[in-house]
Every structure is written in structure tokens, then in C-alpha cells.
2 protein chains.
Amino acid sequence: MLSLYHYEPSANSMKPLLCLAEKGLDYESHYIDLHNFEQHSPEFVAVNPNGQVPVLIHDGAVINESTVINEYLDEVFPDVRLVPENPVERAQMRIWSKFVDEYFCPALSRIGWSLLIPKIAARLKAGELEEALKKIPLEEQRQKWLTAATESFTEEELAEARRKVTVSIERMEGILAERKWLAGNEYSLADVNSYSMVVAVPRLVPEAMSEEKTPHSMAWLDKMNARPAVQAALATARQA
Amino acid sequence: MLSLYHYEPSANSMKPLLCLAEKGLDYESHYIDLHNFEQHSPEFVAVNPNGQVPVLIHDGAVINESTVINEYLDEVFPDVRLVPENPVERAQMRIWSKFVDEYFCPALSRIGWSLLIPKIAARLKAGELEEALKKIPLEEQRQKWLTAATESFTEEELAEARRKVTVSIERMEGILAERKWLAGNEYSLADVNSYSMVVAVPRLVPEAMSEEKTPHSMAWLDKMNARPAVQAALATARQA
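Quick notes on the rules
- Residues numbered from 1 in each chain as written.
- Chains lettered and ligands numbered in written order.
- Predicted model: local features only at pLDDT ≥ 70, side-chain atom pairs only at ≥ 80, totals over all residues.
- Helix = DSSP H or I, 4+ residues; strand = E, 2+ residues; numbered from the N terminus.
- Rg over C-alpha atoms; globule rule 2.2 N^0.38 Å.
- Buried ≥ 20, exposed ≤ 12 C-beta atoms within 10 Å, placed from the backbone.
- Pairing = 2+ DSSP bridges.
- Axes fitted to C-alpha atoms, helices over the stretch in contact; angles between N-to-C directions.
- Least-squares fit on C-alpha atoms with pLDDT ≥ 70 in both.
- Right-handed = clockwise from strand over helix to strand, strands pointing away.
- Expected span 1.5 Å × (residues − 1).
- Arc of directions from axis to C-beta.
- Contact = placed C-beta atoms within 7 Å.
- Nonpolar A, V, L, I, M, F, W, Y, C, P; charged D, E, K, R; others polar.

Draft legend 1. Seen up close, the overall build of chain A. In terms of regular secondary structure, chain A is built from twelve helices and four strands. For chain A, the C-alpha radius of gyration of 18 Å lies close to 18 Å, the compact-globule estimate for 240 residues. Expressed as lengths along the three principal axes of its C-alpha atoms, the size of chain A is roughly 55 × 45 × 30 Å. Put simply, chain A has 240 residues, and 38% of those count as buried.

Next up, the structure:
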């Protein structure tokens, strides 16, 4: 049996939710409320010592890292293939997914955090933030929370994050001017792994993405929004 | 035919060099001299617009990103398998390789750069550094060069990098206390992708790794050093 620990269908949680929906796989849903710090609770840290969602459990095996979860799902449940047969397209799928994980997502995440975390912190009582921070297992995550919640990111840091998001969408636009999907002519995990990030860009970094400036990326986003699996993933997760 | 653009058998260049040696594959070697900025030359940027080694060329397909190159080589030349058959071990291989790319390698690289780049910059004539920096295609790389060459990293940044290297080796030690190799009971790309980083730790961050503190990691390093393919990769590349 499959279990997935996840948050809302956004950011990294959306990646396996969408993969599961594309493959039509049933799973036991464990909703982890990040606004209430459930990802740092002893119960969840026992599942993933990093205190991060998503986490997949399959026949007792615990797999974290959303990009790795999706390749695992494709190998173990190959009826609907989301990894191209062609090894070069497969490499392109992995190079793009790696770029999303290492460059695009961290930049976009910084902007999202700068808006979200102060709101979460503002509704905590005195001392509650300190208590919450103490439970974060990864030092880097603790620092990121502390910065976002107290001193906030600097305008220079946010400008750099916006620049990186713009570079990311420019790179996407260049690929989609030449290929139908992000890894080649087939829909693949490169697309699955990008949706939740790209869909947030018009709202968070409007100067990076528009019909005029990045028509191929906008058309890709329209095609993604129209996919039944995208709609299903969004709906299923909200019910969870 | 296979061609590999690479630097010395260290850091990311060593990863495909070792993979090729394990598989006994012949390839055309293109040595790129990072000390003379050949990675930023117009000829090489035409091959990889990022201006970074290694790059694999196979039947006209250009594949960058050392971790992706190695999975590609395993899929296209499967006679000697370096990706486990078991999907869970395969996921563990990818999770570890991702950790090396995103956490361990950047931290170790900062320490290496802090020692190396000032030496490269010191032997340049006035104006040559500025000219060299202008040719770097990636903004992030240009900033890293500029910081390393002129103002240097701060002691706080270097201490944080040493902390992350220590965390990385502790994580490795925890894995190797339970498994024979980094992804499970089989030697895999998780090991191939780690060698060039781990072998540098006793010299660059001696407090992170020792017979007393991390015996499993030291034993792993001994086993790696004894592999004929490791010796072959080191020797072949130096002749290039």
C-alpha cells in the first residue's frame, strides 16, 4: 500500500500528488499542516528526520525528496509512463528537474516565504515562535524560519530571488520554443515537477511571465491547467 | 562515439571519469584547463552555455550535469550495472546523490575555492581578472569568482561550510553503519558520485573525518581507493 504525507497541492507536495493522479493510483493521505508546525512534530520527525514533506511510504519503504519519489512511482507503477523511453529525453527530464530543485524552486520559495512566514509568526503568542523554532531538525531550515519570521529577507535578497525566477522562466521559454514538453515531445516528470512552481509565478513575480514576454510558457501553463490529473490533484488534496 | 569534456579527476569531473572507468568504456578526452579559464572560452561555451565541466557528447547528444551523465551512461551501456535493480535502493542512490549535489559538494567547494581561487587570481596581471570574469556566462558563478578572488569568503561563511561538511560525513557514517555501500548492499552511482568529494575531506576539513570519529566512512574510502577503476580514472585523466 501507498501512503503520502503531504501539505496543500502546492510547491513540493504537489509533485507526487500530481504524479499519483496522472497514474490513477490510490493512496492513504496524511495531511501535514505546515501552518501549525506539524512537520516538526515528534510523530512526523519519526517518519522523516528532516521534518519536511512530502514523504512516500510504500510497503514499509520510506522515500523522501519529491523528485526521487516521482521516479520511484514511475518505476514501480509503470502502466502510465511519465519517464521518456529515449535516454536523451530522460536525461533532459532529469537536468530540468534538477534545475527546478536547485535554482528555480529555492528562488521562488524565498519570495513565497517572505510573504507567508511573517503572517504565521504574527499570530503566535510571545514565546511560541521560539518554541516552534527549537523543534526544527535541520539547522538551515531553522535559520530560514528565523530570518523570514523576525528580520525578514533584505530587499537585495528578494531582488536576487526575483532575478533567478526570471532566469528560470527564460530558460523554460527557450526550451518550449524548441520542444512540445519540457523534456522533449512527450509529457514527462519534467512537466509534473514544474507545474506547482510555474503556476505561482504570474502572481509572485509578474514581471517574469506574460503572454507577450513568454508565450510558450503561458501556453504550457494553460495546457497543464486543462489536464484532468492537475484538476484532480488540486481537488483531492484540498479534501484531505 | 563518446566524448567527455572534463578537468582533473577531482570534484564533478571525477564523477563521469570514474563511471566510464568502472564500465570500461573508451571515450575521446577533452581536457579543459580551469586554471586558464578554458571553461569560459567561446569554443567551450558553444558546447555548454553554462561554461561548466563535465559535459558528455554521445552520438551528437550533449549532456551536462555529472549526476545525470552517470545515470545516462548506465542506461545506454548497461553491461556493468551501477544502478541497483531494487527500486528502493535506486531511490536511496538518488537521494544520496542529490544530497551530495545540493549540500555536501557546495559546502566543500566553498572551502576548496577559498584556497584555490586567490592563487589563480594572484598570478594574473592587472586587468586580467576583470577580463576573465566578464566571460563567465552564469551570474552566480561570476559572483562566486569575484568573492573568492577579491574579498574572499568571510570566516563565518567558511565555518558554516565546515559545519555542513561535518554534517555530510556524519550522515554518511550513519548510512554506512547500516549498509555496505551508500545505496544499499551493492556498489552504485551513490558511491561513484561521492568519491571525489569524500577523498578531499581529510585534507580540507580534518575535524570532520577520522578513524576514531567516522570509522565506517574511513573504511569506505579505503575500499574506494583500492578499486582498480578509481586508480585508472585518476591515472587516465592526469595523462589527458
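Draft legend 2. The sheet that holds strand E3 (residues 55–58) of chain A, seen in detail. Residues and elements named next belong to chain A. With respect to topology, four strands assemble into an open sheet ordered E2-E1-E3-E4, the strand pairing being mixed. Edge strands, defined here as strands with exactly one partner in the open sheet, are strand E2 (28–31) and strand E4 (61–64). Averaged over all neighbouring strand pairs, the angle between strand axes comes to 20°, with direction disregarded.

Draft legend 3. View of the environment of Pro228(B). Residue and element names in this part refer to chain B. Examined against the element boundaries, Pro228 turns out to sit in helix H12 (residues 228–239). Since 9 C-beta atoms lie within 10 Å of it, Pro228 is described here as exposed. Linking Pro228 and Ala21, residues 207 residues apart in sequence, is a C-alpha distance of 8.6 Å.

Draft legend 4. Geometry of the relation of the copies chain A and chain B. After a rotation of 180° and a shift along the axis of 0.0 Å, chain A superposes on chain B with an RMSD of 0.0 Å. Both copies of the chain, as the preceding transformation shows, are related through a two-fold rotation axis. In terms of C-alpha distance to the rotation axis, chain A has Glu102(A) as its closest residue, with the C-alpha 3.4 Å off the axis.

Draft legend 5. Focus on the pairing of strand E1 (residues 2–6) of chain B. Residue and element names in this part refer to chain B. Both E1 and strand E3 (residues 55–58) contribute to a ladder of four bridges, which runs antiparallel. Looking at E3, one finds that Leu4 is bridged to Leu56. Sheet topology note: the E1/strand E2 (residues 28–31) ladder contains four bridges and is parallel. Its bridge partner lying in E2, Tyr5 is registered against His30. Regarding topology, helix H1 (residues 11–23) serves as the crossover connection from E1 to the parallel E2, and that connection is right-handed.

Draft legend 6. Highlighting helix H7 (residues 155–176) of chain A. Residues and elements named next belong to chain A. Between its terminal C-alpha atoms H7 stretches 31 Å, which fits the 32 Å expected from 22 residues at 1.5 Å a residue. Within H7, burial applies to Ala161, Lys164, Val165, Ser168, Ile169 and Met172. Projection of H7 onto a plane perpendicular to its axis shows the buried side chains occupying an angular sector of 135°, all on one side. Across H7 from its buried face, at more than 90 degrees, point the exposed residues Glu155, Glu156 and Ala159.

Draft legend 7. View of the interface of chain A and chain B. Of the residues lining the interface, 17 residues belong to chain A; the matching set on chain B comes to 17 residues. Counting only elements with at least two residues in the side of chain A that touches chain B, the list comes to E4, helix H3 (66–76) and helix H4 (87–122) of chain A. No other element matches H4(A), which puts eight residues into the side of chain A that touches chain B. Tallied by class, residues from the side of chain A that touches chain B come to nine nonpolar, one polar and seven charged.

Draft legend 8. Layout of the sheet that holds E2(B). Residue and element names in this part refer to chain B. The strand order E2-E1-E3-E4 describes an open sheet built from four strands, whose pairing is mixed. Where the open sheet ends on each side, the last strands, each with one partner, are E2 and strand E4 (61–64). Here the strands of the sheet are splayed against their neighbours by 20° on average, with no regard to which way each runs. Packing against the sheet, H1 makes contact with E1 and E3, and its axis sits at approximately 150° to E1.

Draft legend 9. Structural view of the environment of Pro9(B). Residues and elements named next belong to chain B. Mapped onto the elements of the fold, Pro9 is located in the loop between E1 and H1. Residue Pro9 is classed as buried on the basis of its 22 C-beta neighbours within 10 Å. Remark: the alpha-carbon pair of Pro9 and Ala148, spanning 139 residues in sequence, is separated by 22 Å.

Draft legend 10. View of the pairing of E4(B). Residue and element names in this part refer to chain B. As paired strands, E3 and E4 are joined by four bridges and run antiparallel to one another. Bridge assignment links Leu56 to a residue of E4, and that residue is Ile63. Linking E3 to E4, which pair antiparallel, is a turn of two residues; within it Asp59 sits at a positive phi near 50°.

Draft legend 11. Representation of helix H6 (residues 139–151) of chain A. An ideal rise of 1.5 Å per residue puts 18 Å on 13 residues; H6(A) measures up with 17 Å between its terminal C-alpha atoms. Remark: Ser152(A) follows H6(A) within two positions and exhibits a positive phi of approximately 70°.

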